[in-house]
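# Structural characterization, general
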Amino acid sequence: MHWFQHGCREAALLVSKALDSPLTRTEGLRLAWHLWRCGGCKNFSRQLQLMHKAGARWRAYSEQE
Amino acid sequence: MTSTLASDLEQLRPALLKFARLQLRNSAWAEDAVGETLLAALEKPRAFEGRSQLKTWLIGILKHKLVDQIRRNSRELSLTRDDDDTIEDAIFGQDGRWVEMPADWGNPEQELGRVEFFSVLEACVEKLPGQQGRVFMMREWLELESEEICKQLGLTPTNLWVLLHRARLRLRECLQLHWFQSSAGS
């Protein structure tokens, strides 16, 4: 079953979009399904979370030296 | 007293300019924003305990001045386009799969607090194409909401997500190459 027409390319965009705005129910379900089956996208998702966390540290660092 | 402040400001100036440049991607605007920040600081000096408190205060002012600059130049900014960036075509194959599977970065909590990591991150942000760099900084450093960024830059929400996504794809590649790969080897 193909949930995403463009596979990981489309899933990756949703992983990123989720950081900026809530996904629709359909998007969320499709992404969850894809992540469950795809190790690469799961890693990508973790990488973005990590970068996001690093961004917060960076902000604090930039303000305090 | 005032002269001490002036010399402290002078010393912090390069740090402020670095962030202003990363944010605006335009040296002249960055100079203006920093100039306005320093002037505002001189006009209403306060007592600070140490340099780091002073810097926190200045960065706070700078962020406002950067948003002002973006507003002032929003017309010009809305015309900037990162002409058909091909990053996604390089990362994904025709079948939509990863050409190279994203690696497991683990959970390097400690590493991310290191000063060296921030210099790599800054160098990677600097390498982003103009508009991608701007939106990334607006989102992650100025912490603006998506709607606000769209309004200032004349972007649709979809434009913005794609720009942010491409910025993150590029940053990820850059961090993989210059941080995760090289630190794994050492």
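Our subject in this report is the structure included herewith. (Residues numbered from 1 in each chain as written. Chains lettered and ligands numbered in written order. Predicted model: local features only at pLDDT ≥ 70, side-chain atom pairs only at ≥ 80, totals over all residues. Heavy atoms only, no water.)

### Digging into the overall build of chain B
Here is the rule: Strands here are runs of E lasting at least two residues and helices are runs of H or I lasting at least four, both read from the DSSP assignment and numbered beginning at the N terminus. For each residue, the accessible area found with a 1.4 Å probe, counting protein chains only, is set against the maximum for its type, and the residue is called buried under 20%, exposed over 50%, and partly exposed in between. Reported accessibility uses the Shrake-Rupley method at a 1.4 Å probe radius. Residues are deemed covered only where the shown protein chains occlude them. As used throughout, the charge tally considers Lys and Arg to be positive and Asp and Glu to be negative, leaving His and the chain termini uncounted. Taken as the charge location is NZ of Lys, CZ of Arg, CG of Asp or CD of Glu.
Across its full length, chain B carries nine helices and zero strands. Going residue by residue from the N terminus, the α and β elements of chain B occur as α-α-α-α-α-α-α-α-α. Over its C-alpha atoms, taken along the principal directions, chain B stretches across nearly 65 × 45 × 25 Å. Within chain B, buried positions represent 47% of all 186 residues. For chain B, the accessible area works out to roughly 9600 Å², and carbon and sulfur atoms hold 50% of it. Taking the average location of the 24 positive side-chain charges in chain B and that of its 29 negative ones, the two points are 4 Å from each other.

### With respect to the interface of chain A and chain B
This is how it is decided: Residue contacts are counted whenever heavy atoms from the two residues lie within 4.5 Å of one another. Each of two parts loses accessible area, computed with a 1.4 Å probe, when they are put together; buried area is these two losses added. The term salt bridge refers to a pairing of a side-chain nitrogen on Lys or Arg with a carboxyl oxygen on Asp or Glu at a separation within 4 Å. We call two N or O atoms a polar contact when they sit within 3.5 Å, provided that within protein one can donate a hydrogen and the other can accept it, with sequence-adjacent residues counted only if both atoms are side-chain atoms. Note that Gly is not counted as nonpolar here; it falls among the polar residues with everything else outside the nonpolar set of Ala, Val, Leu, Ile, Met, Phe, Trp, Tyr, Cys and Pro and the charged set of Asp, Glu, Lys and Arg.
Across the contact, 30 residues belong to chain A and 48 residues belong to chain B. Ranking the residues of chain A by area buried against chain B places Arg-9, Asp-20 and Trp-58 of chain A at the top, with a combined share of 21%. At the boundary of chain A with chain B, the tally comes to five salt bridges. Across the pair Arg-9 of chain A and Asp-89 of chain B runs a salt bridge, and its minimum N-O distance is 2.9 Å. The tally of links from chain A across to chain B stands at 20 residue pairs in polar contact (both at pLDDT 80 or more). Those elements giving two or more residues to the side of chain A that touches chain B turn out to be helix H1 (7–17) and helix H3 (39–64) of chain A. Examining the composition of the side of chain A that touches chain B, we find that 18 residues originate from one element, H3 of chain A, more than from any other. Its residues assigned to classes, the side of chain A that touches chain B shows twelve nonpolar, ten polar and eight charged.

### Overview of the state of the cysteines
As a reminder, the rule being used: Cysteine sulfur atoms that pair up within 2.5 Å are treated as a disulfide.
Taken as a whole, this structure holds one disulfide over all chains when the rule is applied. Two residues share a disulfide in this structure: Cys-124 of chain B and Cys-174 of chain B, whose sulfurs sit 2.1 Å from each other. For the disulfide bridge between Cys-124 of chain B and Cys-174 of chain B, the dihedral angle about the S-S bond is near -80°, and by the sign convention the bridge is left-handed. Pair noted here: Cys-124 of chain B is in helix H6 (residues 115–126) and Cys-174 of chain B is in helix H9 (residues 157–185), with a separation of 50 residues, a long-range link. A residue is classified by how much of its surface remains accessible, and Cys-174 of chain B, at 9% relative accessible area, is buried. In this model Cys-8 of chain A remains outside any disulfide bridge; the closest cysteine sulfur is found in Cys-41 of chain A, 3.7 Å from its own. Overall, Cys-8 of chain A belongs to the buried group, its relative accessible area being 6%. Not part of a disulfide, Cys-41 of chain A finds its nearest cysteine sulfur in Cys-38 of chain A, a span of 3.7 Å.

### Some details on the packing of aromatic side chains
Centre distance and the angle of the planes are the two values used to describe a pair of aromatic rings. The condition is simple: Stacked, edge-to-face and tilted labels apply to pairs of Phe, Tyr and Trp rings (six-membered ring for Trp) whose centres lie within 6.5 Å, assigned for plane angles under 30 degrees, over 60, and everything in between, in that order.
Tallied over the full model, the rule gives nine aromatic pairs over all chains. Here the aromatic rings of Tyr-61 of chain A and Phe-118 of chain B are separated by 4.5 Å at their centres, their planes lie at 15°, and the arrangement is stacked. Here Tyr-61 of chain A, found in helix H3, pairs with Phe-118 of chain B, found in helix H6, and the two come from separate chains. Residue Tyr-61 of chain A is classed as partly exposed on the basis of its relative accessible area, which comes to 24%. On the accessibility criterion, Phe-118 of chain B (3% relative accessible area) is buried. Geometrically, the ring pair formed by Phe-117 of chain B and Phe-118 of chain B is edge-to-face, given 6.1 Å between the ring centres and 70° between the ring planes. Following the ring pairs from residue to residue traces out a cluster consisting of Tyr-61 of chain A together with Phe-117, Phe-118 and Trp-179 of chain B.

### Some points on the pattern of salt bridges
For the coordinates displayed, the defined rule picks out 17 salt bridges over all chains. Between Arg-166 of chain B and Glu-88 of chain B there is a salt bridge, and its shortest N-O distance comes to 3.2 Å. Highlighted residues: Arg-166 of chain B in helix H9 and Glu-88 of chain B in helix H5 (residues 87–91), separated in sequence by 78 residues. Of the two residues, Arg-166 of chain B and Glu-88 of chain B, both sit in the buried class. A network of salt bridges, in which partner residues are shared, links Asp-20 of chain A together with Arg-139, Glu-140 and Arg-168 of chain B.

### Quick notes on the environment of Trp-105 of chain B
Along the chain, the position of Trp-105 of chain B falls in the loop between H5 and H6. Take Trp-105 of chain B: its relative accessible area is 9%, and that puts it in the buried class. Distance from Trp-105 of chain B to Arg-166 of chain B, taken between C-alpha atoms, is 20 Å for residues 61 residues apart in sequence. In contact with Trp-105 of chain B, other than residues within four places in its own chain, are Gln-47, Leu-50 and Met-51 of chain A together with Arg-172, Leu-175, Gln-176 and Phe-180 of chain B. Within the structure, the side chain of Trp-105 of chain B is placed 2.7 Å from the side chain of Gln-176 of chain B, a separation counted as a polar contact.

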